[in-house]
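Chain by chain, the residues:
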Amino acid sequence: MSLIAVAALAACQSGPAARQDSVPLRNPTAVVASRTGSDVAQLRGDWRIAEAAGVPVGLGVIVRDDRITLGNAVYHAIGDGRYSHDGKQLWLHWVDVGYRTAALGDPAGRMVFVMNRGGALAPDRRSAAHEILDWYGYDLTRLRRATE
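This one's a predicted model, so the numbers in the text were calculated from it and none came from an experiment.

## Quick notes on the overall build of the chain
And then number 1: Counting secondary structure elements, the chain contains three helices and nine strands.
And then number 2: Going residue by residue from the N terminus, the α and β elements of the chain occur as α-α-β-β-β-β-β-β-β-β-α-β.
And then number 3: With 148 residues in all, the chain has 39% of them scored as buried.
And then number 4: For the chain, the share of sequence-separated contacts (at least 6 apart) that also reach a separation of at least 24 residues comes to 52%.
And then number 5: On the chain, roughly 8,300 Å² of surface is accessible, and the fraction owed to carbon and sulfur atoms is 54%.

## Some remarks on unusual backbone geometry
And then number 1: Within the chain, D86 stands out as a residue other than glycine whose phi angle is a positive 50°.
And then number 2: In this fold, D86 is placed in the loop between strand 5 (82-85) and strand 6 (88-95).
And then number 3: By relative accessible area, which is 68% here, D86 ends up exposed.
And then number 4: Non-glycine residue Y99 carries a positive phi angle of around 55°.
And then number 5: Inspection of the secondary structure assignment puts Y99 in the loop between strand 6 and strand 7 (101-105).

## Side note on the nonpolar core
And then number 1: Core analysis: the biggest nonpolar cluster contains 21 residues, and V61 and F113 have the highest contact counts within it.
And then number 2: In terms of nonpolar packing, the next biggest core, distinct from the first, is built from 14 residues, A53, W94, A129 and Y138 among them.

## Re the packing of aromatic side chains
And then number 1: A complete count under the given rule lists zero aromatic pairs for this structure.
And then number 2: Over the aromatic face of W91 sits the side chain of R82, whose NZ or CZ is 3.7 Å from the ring centroid.

## Describing the side chain of N116
And then number 1: You can see N116 is positioned in strand 8 (residues 112-116).
And then number 2: Polar side-chain contacts of N116 include one of 2.6 Å to the side chain of T101.
And then number 3: A distance of 2.7 Å separates a polar atom in the side chain of N116 from the backbone oxygen of G119.
And then number 4: For N116, the residues in contact, after removing those within four places along its chain, are W47, R48, A50, R100, T101, L121 and R125.

Quick notes on the rules
- Residues numbered from 1 in each chain as written.
- Predicted model: local features only at pLDDT ≥ 70, side-chain atom pairs only at ≥ 80, totals over all residues.
- Heavy atoms only, no water.
- Helix = DSSP H or I, 4+ residues; strand = E, 2+ residues; numbered from the N terminus.
- Buried < 20%, exposed > 50% of the residue type's maximum accessible area, 1.4 Å probe, protein only.
- Contact = heavy atoms within 4.5 Å.
- Areas by Shrake-Rupley, 256 points an atom, 1.4 Å probe, with all protein chains shown as cover.
- Core = buried A, V, L, I, M, F, W, Y, C linked by side-chain atoms within 4.5 Å.
- Phe/Tyr/Trp six-rings, centres within 6.5 Å; stacked < 30°, edge-to-face > 60°.
- Lys NZ or Arg CZ within 6 Å of the ring centre and 35° of its normal.
- Polar contact = N/O pair within 3.5 Å; in protein donor to acceptor, adjacent residues only side chain to side chain.

Okay, structure coming up:
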């Protein structure tokens, strides 16, 4: 095989695959919205991340009236269902009627998670959270589950 043929074959090879953590978790062309009209008083309390990408599974989350504490990061309310920390946003996308499970994510696609309280995440609430996150363009194949 000639040197030119080898060079041509090498040029056809794709470069190294992009690191999974450098690819956004959300399709930026998909519609996205935060949930409005949630009862902040019912969101208050301690939660645990049941499924996540971009943040550790099992991490504790504390919700107060005007902020969400996620590990060492404190996200302050900037609008209905929207929070911000150091230029990064966290949006509440969905919460079940009993305020036991909620789906949140960064519209820029840096993180997404389902948080739960009161025991194991029920299959019907997991399914509902996945449905809305999928609708908003999040890559659900990258979610990791906490051991239950």
